[in-house]
There are 4 protein chains.
Amino acid sequence: MVYLFDMIKIGDLVLLYKDEKRNYLLKVESKKFHTDKGIIELEKLVGKTYGDSVETNLRERFFVLKPTLYELTMKVKRKTQIIYPKDLGIILTKATLFPGAKVIEVGTGSGSLTTALANFVRPNGKVYSYEKNKEFLDNAKANLEKNGLSSWVEFKHREVIDEFEEKNVDFIMIDIGSPWELIGAAYKSLKSGHRLATICPTFEQVTQTVFTLEEKGFVHIETMEVLLRRILVRRGKTRPEQKIPSHTGFLIFASKIH
Amino acid sequence: MVYLFDMIKIGDLVLLYKDEKRNYLLKVESKKFHTDKGIIELEKLVGKTYGDSVETNLRERFFVLKPTLYELTMKVKRKTQIIYPKDLGIILTKATLFPGAKVIEVGTGSGSLTTALANFVRPNGKVYSYEKNKEFLDNAKANLEKNGLSSWVEFKHREVIDEFEEKNVDFIMIDIGSPWELIGAAYKSLKSGHRLATICPTFEQVTQTVFTLEEKGFVHIETMEVLLRRILVRRGKTRPEQKIPSHTGFLIFASKIH
Amino acid sequence: MVYLFDMIKIGDLVLLYKDEKRNYLLKVESKKFHTDKGIIELEKLVGKTYGDSVETNLRERFFVLKPTLYELTMKVKRKTQIIYPKDLGIILTKATLFPGAKVIEVGTGSGSLTTALANFVRPNGKVYSYEKNKEFLDNAKANLEKNGLSSWVEFKHREVIDEFEEKNVDFIMIDIGSPWELIGAAYKSLKSGHRLATICPTFEQVTQTVFTLEEKGFVHIETMEVLLRRILVRRGKTRPEQKIPSHTGFLIFASKIH
Amino acid sequence: MVYLFDMIKIGDLVLLYKDEKRNYLLKVESKKFHTDKGIIELEKLVGKTYGDSVETNLRERFFVLKPTLYELTMKVKRKTQIIYPKDLGIILTKATLFPGAKVIEVGTGSGSLTTALANFVRPNGKVYSYEKNKEFLDNAKANLEKNGLSSWVEFKHREVIDEFEEKNVDFIMIDIGSPWELIGAAYKSLKSGHRLATICPTFEQVTQTVFTLEEKGFVHIETMEVLLRRILVRRGKTRPEQKIPSHTGFLIFASKIH
């Protein structure tokens, strides 16, 4: 049984999936989409439901799947490094994040983490996302528009030094090269007893950030890294994948006290 | 500035934190809590805010922190194995999970994953959680009551064979020893184009589950494992922790097609 | 002080090292060697010692280093997959391998592991190395000639089915796609109480091999995998490398009993 | 067929193996050995060969296996941390180590690495092993006596500051808390173009050691860590082990230049 409200319409997001290499996050509109297996007229998706398939002009079949947070965050148009789902996942469990939460993010980058935060503060929360680079910010805005989550984000084209404009927020994520420089500002804006998170790739950033957190009134400071390895399951030939990203960054979490 | 509505009151959840070994998830009530550093009268927390501290009768200080999903899921009273945050995190990014979603979980176990799902379907969604073992179910119910998330869960004391009662759900999580036995039932209840997830510890479970998914109308099947390693940051002595859980289970995700 | 016998002469092996990307295992002979940093006349190395440097015609400096087993095994000319040092290292500790040992290896492949075995059975031992593919065997012979270790290897161009020619050997290494097929033959040739090793990439190969070992009179069966991650140490920017080979194969070891 | 010279005699080393938890490295002598499965009179092993079994007074069977380097190094009597086989293995491939090599090791510790080095410099090489702690040194000596490798080791009860007594050695291993303090001394003793190795647990030790190596005339500096995970292969229940040592130390290798 297919409900009318389950039918795909103009503006909906879909994952067009052929295989692990060919899968695309797209907005349904009157446009042609080109793949190496032929062309798909996206308007043909209207009236279908998720789980249906669509054929290219070369009669190659693609499935129409419901996108997950994984695709929403990984398939943003990238102008910067993004946060990977393996790291994003642990942030979601270690943050003081919930529907209705007010959170600050700095910097926005390509809007990958912004997407995840917006997704989980819905329907009453808000993400205040700071980025000093205009080009990155415009790209991130376009990504959030496409993802359908821009109503839960307030973008701020501003370089923060001493203070964020928002106070009493539930969670702060710092994703810049020198996170220690914004710990003072974060302290002023974060609700007491709540969490701050940051991610940095090098040992030196980790120690400088952690020691600054210790000095500036944070406790329950935790540092960790996450590895993800796929298993390729094929009859008689099941094995782990051969290459993995072995390092993206170290994640640091801390709780503010008075 | 402390807002009145930020003050801790009877029934609130707090994380009483002294150090990485001594931290407790507690509900504020008129009760004494015993630690190896002395006794805390929980009623003394009323009127404080998160970020404040409290002293035991031995004058040892504990901080009053806002709990995160990490503690809500890890500190359930356990009658079974639970799903670890490292695995939970990747599930949150790979599932078709969002505020308002209807999801099925089987089996409930100790309610750890139930907690995470309930947290993220709020405020309009619902988790239908099946468990055939009465003792486990009662324990899980008590855990969700404590966590304050039971309004978003409907517990079902039932063994599923052919069919779940709910249809057209957004996401299904199977966490039982032989997940392949419930893939047929899951297919009937899951919205097309949406995701199913499962976790299993052994190679044999992985291959049997994946091959069953392939036969029963699922695509975009992915199998993976996640490792998490903490870094102990101490002046002049920073190093990774020495022992880690190196294996909990392999995670499998798949999308239903018509 | 430089001893006469430390001077490099025609036929010696050297590692010409510029940086982690430009380093070459070479035999000193009257020949020109071309790099992207210019040409080196290898005869100019004669009379130098290890630790000296040499310049290309473009005045770029390369250091003349003593090769290690790492380069001897990694820099063989490859016609097949080779065994990586991370796996080789654990084999060296888990094998009944020592100076004077007689060992069987099947198949030879590109001679990478053959090199390591030959290195450690010196000066009185011998490696019997079986390979059914003539092209692979000829390439491996050339690799061992270059490495200077061919005196400790007897190459055998033969497909083994029931029996190896040698009996009472100290260690057997099976490196073929279906190791279980040669466990019977290995049992006949291996000294009792001594070790057999094999490496295989898939889960299915692992289980079939281990169950065959259990049936055919082996105990102390161990299966493991090894991961190696480099750390890039640079002032203020120290971090783990970003991509690693996350899977080469699972190593299996077992001891023969009567 | 059993050769006379294969028969076990007084003084031989054996691995008495029952299962992965009960296996013991022992020297055959007229002594009783107590296990939780009963008592074994070691003299009963004389005349047996490896691969035979022996019974305790409670009729529990143990197999008599040929020890490998793994057991020789892991089963030393420990007074200090030892180097694990996973790390030892990569050292064996990255060192300028071969039969006949002269090598320096500092500090001896419990003699675990000393055992590995002695094993592979045989029959004409020598290990010069420095240790300032008399208790550790005596213990290490006893371990090497038991392992049958003491003829290839010269123990030195001495604290090194500026200089080792040996010059022109093929390989130097530094295993002390502040390896950078001995890099100057190592430089004077190591053959040019040859390798030095060290292992240290913390980030700060790694950076200080690497920067000192860079200053003191070393190139081809490499830092790495190794993880080993066992797979438990059981019919229908094959899975990785649940806990692993996730960090022992970072290994550093470097080549001396003029």
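Structural notes, computed from the coordinates. Residue positions are counted from 1 within each chain, in the order its sequence is given. All chains are assigned letters beginning with A, and all ligands numbers beginning with 1, in the order in which they are written. Two thresholds apply to this predicted model, a pLDDT of at least 70 for residue-level local features and 80 or more for giving and counting side-chain atom pairs, whereas whole-chain, interface and lining totals are computed over all residues.

Focus on the sheet that holds strand β1 (residues 13-17) of chain D
All names here are of chain D. Put simply, the rule reads: For two strands to be treated as a pair, DSSP must find at least two bridges joining them. Each helix is a run of DSSP H or I of at least 4 residues and each strand a run of E of at least 2, with the numbering of both proceeding from the N terminus. Every axis in this analysis is a line fitted to C-alpha atoms, fitted for helices over the stretch in contact. Angles between the N-to-C directions lie between 0 and 180 degrees.
With antiparallel pairing, 4 strands are arranged side by side in an open sheet as β2-β1-β6-β5. Each end of this open sheet is capped by a strand with a single partner; those strands are β2 (23-27) and β5 (53-55). Each strand of the sheet is rotated relative to its neighbour by a mean of 30 degrees, with strand direction disregarded. Bridge count for β5 against strand β6 (residues 61-65) is 3 bridges, and the pairing is antiparallel. Each residue of the ladder has a partner; that of Glu55, found in β6, is Arg61.

Considering the interface of chain D and chain B
What counts is decided by this rule: Residue pairs qualify as contacts under a 7 Å threshold applied to their C-beta atoms, which are placed from the backbone. Gly is put with the polar residues, along with every residue not named as nonpolar or charged; the nonpolar set is Ala, Val, Leu, Ile, Met, Phe, Trp, Tyr, Cys and Pro, and the charged set is Asp, Glu, Lys and Arg.
Each partner contributes to the interface: chain D provides 17 residues, whereas chain B provides 17 residues. For the side of chain D that touches chain B, the secondary-structure elements that each account for two or more residues are α6 (203-215), β13 (239-240) and β14 (243-245) of chain D. Sorting elements by how many residues they give to the side of chain D that touches chain B places β14 of chain D first, with 3 residues. Taken together, the residues of the side of chain D that touches chain B break down into 5 nonpolar, 6 polar and 6 charged. Direction of pairing for strand β14 (residues 243-245) of chain B relative to β14 of chain D: antiparallel, over a ladder of 3 bridges. By the bridge assignment, Ile244 of chain B is partnered in β14 of chain D with Ile244 of chain D.

Considerations on the pairing of strand β6 (residues 61-65) of chain B
Residue and element names in this part refer to chain B. What counts, and what does not: Each residue is classed by its C-beta neighbour count within 10 Å, where at least 20 other C-beta atoms makes it buried, 12 or fewer makes it exposed, and intermediate counts make it partly exposed; the C-beta atoms are placed from backbone geometry.
Among the 5 residues in β6, 4 count as buried, and that is most of the element. Examined bridge by bridge, strand β1 (residues 13-17) and β6 share 3 bridges and lie antiparallel to one another. Its bridge partner lying in β6, Tyr17 is registered against Phe63. Hairpin connection from strand β5 (residues 53-55) to β6: 5 residues lie between these consecutive antiparallel strands, with Arg59 at a positive phi of about 65 degrees.

Points about the interface of chain A and chain B
Listed by partner, the interface residues are 55 residues for chain A and 55 residues for chain B. The set of elements that each furnish at least two residues to the side of chain A that touches chain B consists of β6 (61-65), α1 (69-74), α2 (85-94), α3 (112-121), β11 (190-200), α6 (203-215), β12 (218-232) and β15 (250-256) of chain A. If one sorts the elements of the side of chain A that touches chain B by residue count, β12 of chain A sits on top with 12 residues. Partitioning the side of chain A that touches chain B into residue classes produces 27 nonpolar, 16 polar and 12 charged.

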